[in-house]
Amino acid sequence: MNIQLTKNSLATKVSLIIGVLGLALSLLGFFANHEQFFYSWLVAFAFWMSIALGGLFFVLIHHLSGAVWSVVLRRFPESFMAILPFMAIFFFPIALGLYDLYHWAHADAIAHDALLQEKAPYLNIVFFILRTVFFFIVWSVFGRLFYRFSIKNDVTGDAGYITKAKKISPPAVILFAFTVTFAAFDWLMSLDPHWYSTIFGVYYFAGSTMATYAITTLFVLYFAKGPLANMVSVEHYHDLGKLIFTFTIFWAYMTFSQYFLIWYANIPEETVWFAHRWHGSWKVVTLVLAVGHFVLPFFIMLVRAVKRNPLALTIFALWMLLMHFIDIFWLVMPNLHKEGAVFSWMDATTMIGIGGLFLWLVFLHLSKHSLVPINDPQLQNSIHHTG
Amino acid sequence: MASQAEPLILGHPTFRTITDDVSQLTERKTPLPWYFLFAMAVSLALLLFGMLAYLFIEGVGVWGVNIPIAWGWAIINFVFWVGIGHAGTLISAILFLLRQKWRTSINRFAEAMTIFAVICALIFPSVHVGRIWLVYWLFPYPNQMAMWPNFRSPLEWDIFAVFTYFVVSAMFWFVGLVPDLATLRDRAKNLRRKKIFGFLALGWRGGNRQWKHYELAYLLLAGLSTPLVLSVHSVVSTDFATSQLPGWHTTIFPPYFVAGAVFSGFAMVTTLAIIVRRVFHIEHIITLKHLENMAKVMLATSLMVGYAYSVEFFIAWYSGNMYERFVFINRALGPYAWGYWTMITCNVLVPQLFWFKKLRTSIPVLFIATIFINIGMWFERFVIIVSSLSQDFLPSSWAYYRPTWGDILTFIGSFGLFFSLFLLFVRFLPIVAMAEVKGVLPEANPHYENKGEHS
């Protein structure tokens, strides 16, 4: 049994070309308006990082829970997490744009701001960079390690690698939880350096995991027409649909907890964050997010038939990815465009640029090895999984 | 999937032996130790009622509450018992939706425990103002005095959330009981048993159509209960988190409280399961595998709670807010530091034992660890409530909080009520869901072939 993506497939080439074009256009944007460029870049970076990290989480939970159903589609999230070390490259523009992005990076601002002085031991450029370096080391080590286990199991047929993955997954999940939390605090929450919310890390995680299940669903549905035709069934679609649904609700639970408690207590230093997002046309984005990221998907995805219909599921997964983008856009952009929502062409080019290269790297990884973990002892059970 | 998996029930039981093993517990003559235990539990329950009477006569002055600690043990005990009441519905609803078949052995008594814990919990908000004759003020009844409950108060939401949870959990529990009650009716040797169980079994005959309806009803109830598992403790957390008090007002409270509730509930289920399986000789039905799975859930939820403790601490510093910082440093190093470190030890350190298979499959270790977790989770509420209130914004009113004997005996008494109800349950109702356990036996698989291993 050998199910492999052909080398230099059309998808690989197209994503490389699109990615390079997107990056080239974004570079033009840098010269046109560097502040907009850095903010757009941060949105795109946080979006694609969330998929890569979500891939790591998928694999960790798969091993941790001893899941069977997801064996056949595990290679997709595995290739998302395998490119975590390469994702570090996309952090460089942020490191260069710290001054434009983060108010706490301004020495003159700190001098006049007692709160920022209090936070300076944490919010300073050197420590910020060191933390991100540390996060990437942790993620790259686990991403590559679990990828290696899976590939070794493919090549050698030794099921011991799966056992090893199972053994390492619990401590890896703990490190994952803390690194992702602090990454969300650093990259996104500290954009508004006075504001704080304990749930913020879980909030970013919830949306990221939802998006990862959505993009995994798209990969599965795409390959189900070709090489995976006899391997994945409607039961797998159904389970993926249920997971997107679950994490959509989980995201709403986190979002609502954060909003509701801040609204109710009505402490100005906290409510200001929502006030920015309720100002001018940002109000529309907030409402789109509430309806589009929760209310509509909740009622539509509740229907069993939607989760079992490939076309409906494709539309739904794409919609949720769009909503995840809007979510991150909504977290980041009110710090730049305070008067109202502005969608810049750079938001599109950075998303396409990083996204194209992300997909190119994923396809490269997929074409090097079998599309399914052929020697996983549970593969047959996963294929014949009946829900 | 089930082909290579370990069997969930040990000792090659048949449908017949499962029915016998579980039913005979309710049919035999009441064992003597039961009377002894029941007498003890009822005495403690009487102590509770006595303490409540004392409270109603004297007023809340019999407790150690005072300004600024206006919320003392009553709300600690309330949150403690509601938290314990989370495991049952989690096991029966969420694990059902997740198709975790191992739940069948433990769901019945976990659900029963849930209902009894919620009963204990509901006592405290009902009596906490000491004026039981005004308890109806909690409910939005049509009233000419224009005295409406304050719908904007999270304490009012508590009443709705916990009552809804109680009603749905009780309904869920009863629906699950129906087929087993019919089994007891059919086995009844005297008319009285036949009449009582016949009444409760609602005319169950076990027909194909009845099973079809039953399974659909069970699925729907599971779906309805699932959001309730999350909502109840989320609402409980808003009692604190909607305020502006440092240490209470923090956005992670809802999921953090839910994780803590599941944690404490599983600890209580495990403690009780260890006793029940031993006393009633059902070790082949509630196997070590079940206990191990529960230990894993406890480890996971312990880590979540530990995550919340650390993030709260970090954000208190990161906020730059001097009051936030003070509260958290005061928790760890102030006058109630002993409570804080008890909480950390019991909730975060002790469960780390469950990383090791040897320890999480050892009955004595599990038993002791789960008791530690229960203690730790009580202290978690103590730390949250007392340490945040006692040193508030007015240093002139700072004082060390001490419970009175009234506080302590009321709390001890609530265990009496809990165990009285639990003992009645284990005596008179099937403590294991027989019909569901039969469903996970290999014989229930349509492809099952008996390879000559007659048992």
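Everything numeric here is computed off the predicted structure, so don't read it as measured data.

**Student:** Is there a simple way to think about the side chain of A:His238 in this case?
**Tutor:** Residues and elements named next belong to chain A. Summarising the element assignment, His238 is placed in helix α12 (residues 234-265). Only 2.8 Å separates the side chain of His238 from the side chain of Arg308, close enough to count as a polar contact. Apart from residues no more than four positions distant in its own chain, His238 is found in contact with Arg304, Lys307 and Arg308.

**Student:** Can you walk me through the interface of chain A and chain B in this structure?
**Tutor:** Interfaces are often sized by the accessible area lost when the parts come together. Listed per partner, the contact involves 40 residues of chain A and 36 residues of chain B. Both sides together, the interface formed by chain A and chain B hides about 3,100 Å², and carbon and sulfur atoms give 67% of it. Applying the counting criterion to the chain A and chain B interface returns one salt bridge. For the interface between chain A and chain B, the tally reads 14 residue pairs in polar contact (both at pLDDT 80 or more). Mapped onto the side of chain A that touches chain B, the elements with two or more residues apiece are α8 (114-119), α10 (160-187), α11 (200-224), α12 and α13 (268-276) of chain A. At ten residues, the largest contribution of residues to the side of chain A that touches chain B is made by α12(A). Here the residues of the side of chain A that touches chain B are counted per class, giving 25 nonpolar, ten polar and five charged.

**Student:** What's the story with the pattern of salt bridges in this structure? I'm lost.
**Tutor:** Pairs can form between side chains of opposite charge whenever their charged atoms are close. Under the criterion given, the structure shown has 16 salt bridges over all chains. Note that A:Glu78 and A:Arg74 form a salt bridge whose closest N and O atoms lie 2.6 Å from each other. Of the two residues, A:Glu78 and A:Arg74, neither departs from the other in class, the shared state being buried. Between B:Asp180 and B:Arg108 there is a salt bridge whose closest N-O contact spans 3.1 Å. One end of the pair, B:Asp180, is in helix α6 (residues 154-187); the other, B:Arg108, is in helix α5 (residues 107-127), with 72 residues separating them in the sequence. Like B:Arg108, B:Asp180 is buried. Through salt bridges with shared partners, one network takes in A:Arg74, A:Arg75, A:Glu78, A:Asp154 and A:Asp376.

**Student:** Before we go on, may I ask you to explain the nonpolar core in this structure?
**Tutor:** A general tendency of soluble globular proteins is for nonpolar side chains to be buried together. Among the nonpolar cores identified, the biggest contains 280 residues, and A:Tyr102, A:Trp139, A:Trp187 and B:Trp81 are the most heavily contacted of them. Considering every element that reaches this core, the biggest residue donor is helix α2 (residues 34-64) of chain A, with 20 residues. Not counting the four nearest positions on each side in its chain, A:Trp187 is found in contact with A:Leu42, A:Phe45, A:Met49, A:Phe91, A:Tyr102, A:Phe128, A:Thr132, A:Phe136 and A:Trp139.

**Student:** Can you walk me through the packing of α11(A) against α12(A) in this structure?
**Tutor:** The relative placement of two packed helices comes down to the angle between their axes together with the axis-to-axis distance. All names here are of chain A. Here α11 crosses α12 at 160 degrees, and the two axes come no closer than 9 Å. In terms of axis orientation, α11 runs roughly antiparallel to α12. Our pair here, α11 against α12, has a crossing hand that is left-handed. A per-class count over the contact of α11 with α12 returns 19 nonpolar, seven polar and no charged.

**Student:** Would you explain the packing of helix α1 (residues 10-32) of chain A against helix α17 (residues 345-368) of chain A in this entry?
**Tutor:** Residue and element names in this part refer to chain A. Running from N to C, α1 and α17 point in directions that differ by 150 degrees, and their axes come no closer than 7 Å. The interaxial crossing formed by α1 with α17 has left-handed handedness. Residues of the contact of α1 with α17, tallied by class, amount to 17 nonpolar, ten polar and no charged.

**Student:** What am I meant to see in the packing of aromatic side chains here?
**Tutor:** Two aromatic rings, taken as a pair, are described by how far apart their centres are and by the angle between their planes. Here the structure, examined in full by the defined rule, presents 117 aromatic pairs over all chains. Centroid distance A:Phe260 to B:Trp157: 5.7 Å. Interplanar angle 50 degrees. Geometry classified as tilted. Of this pair, A:Phe260 sits in helix α12 while B:Trp157 sits in helix α6, on two different chains. Ring geometry for B:Phe96 against B:Tyr218: centres 5.0 Å apart, planes inclined by 75 degrees, an arrangement best described as edge-to-face. Note that B:Phe96 is positioned in helix α4 (residues 87-97) and B:Tyr218 in helix α8 (residues 208-241), a separation of 122 residues in sequence. A relative accessible area of 25% places B:Phe96 in the partly exposed class. Just above the ring of A:Trp330 sits the side chain of A:Arg277; from NZ or CZ to the centre is 5.6 Å. Geometry around B:Phe328 places B:Arg331 over its ring, the cationic atom sitting 4.8 Å from the centre.

Quick notes on the rules
- Residues numbered from 1 in each chain as written.
- Chains lettered and ligands numbered in written order.
- Predicted model: local features only at pLDDT ≥ 70, side-chain atom pairs only at ≥ 80, totals over all residues.
- Heavy atoms only, no water.
- Helix = DSSP H or I, 4+ residues; strand = E, 2+ residues; numbered from the N terminus.
- Polar contact = N/O pair within 3.5 Å; in protein donor to acceptor, adjacent residues only side chain to side chain.
- Contact = heavy atoms within 4.5 Å.
- Buried area = accessible area lost by both parts, 1.4 Å probe.
- Salt bridge = Lys/Arg side-chain N within 4 Å of Asp/Glu carboxyl O.
- Nonpolar A, V, L, I, M, F, W, Y, C, P; charged D, E, K, R; others polar.
- Buried < 20%, exposed > 50% of the residue type's maximum accessible area, 1.4 Å probe, protein only.
- Core = buried A, V, L, I, M, F, W, Y, C linked by side-chain atoms within 4.5 Å.
- Axes fitted to C-alpha atoms, helices over the stretch in contact; angles between N-to-C directions.
- Parallel < 35°, antiparallel > 145°, perpendicular 65-115°, else oblique.
- Left-handed = near helix turned anticlockwise from the far one by under 90°.
- Phe/Tyr/Trp six-rings, centres within 6.5 Å; stacked < 30°, edge-to-face > 60°.
- Lys NZ or Arg CZ within 6 Å of the ring centre and 35° of its normal.

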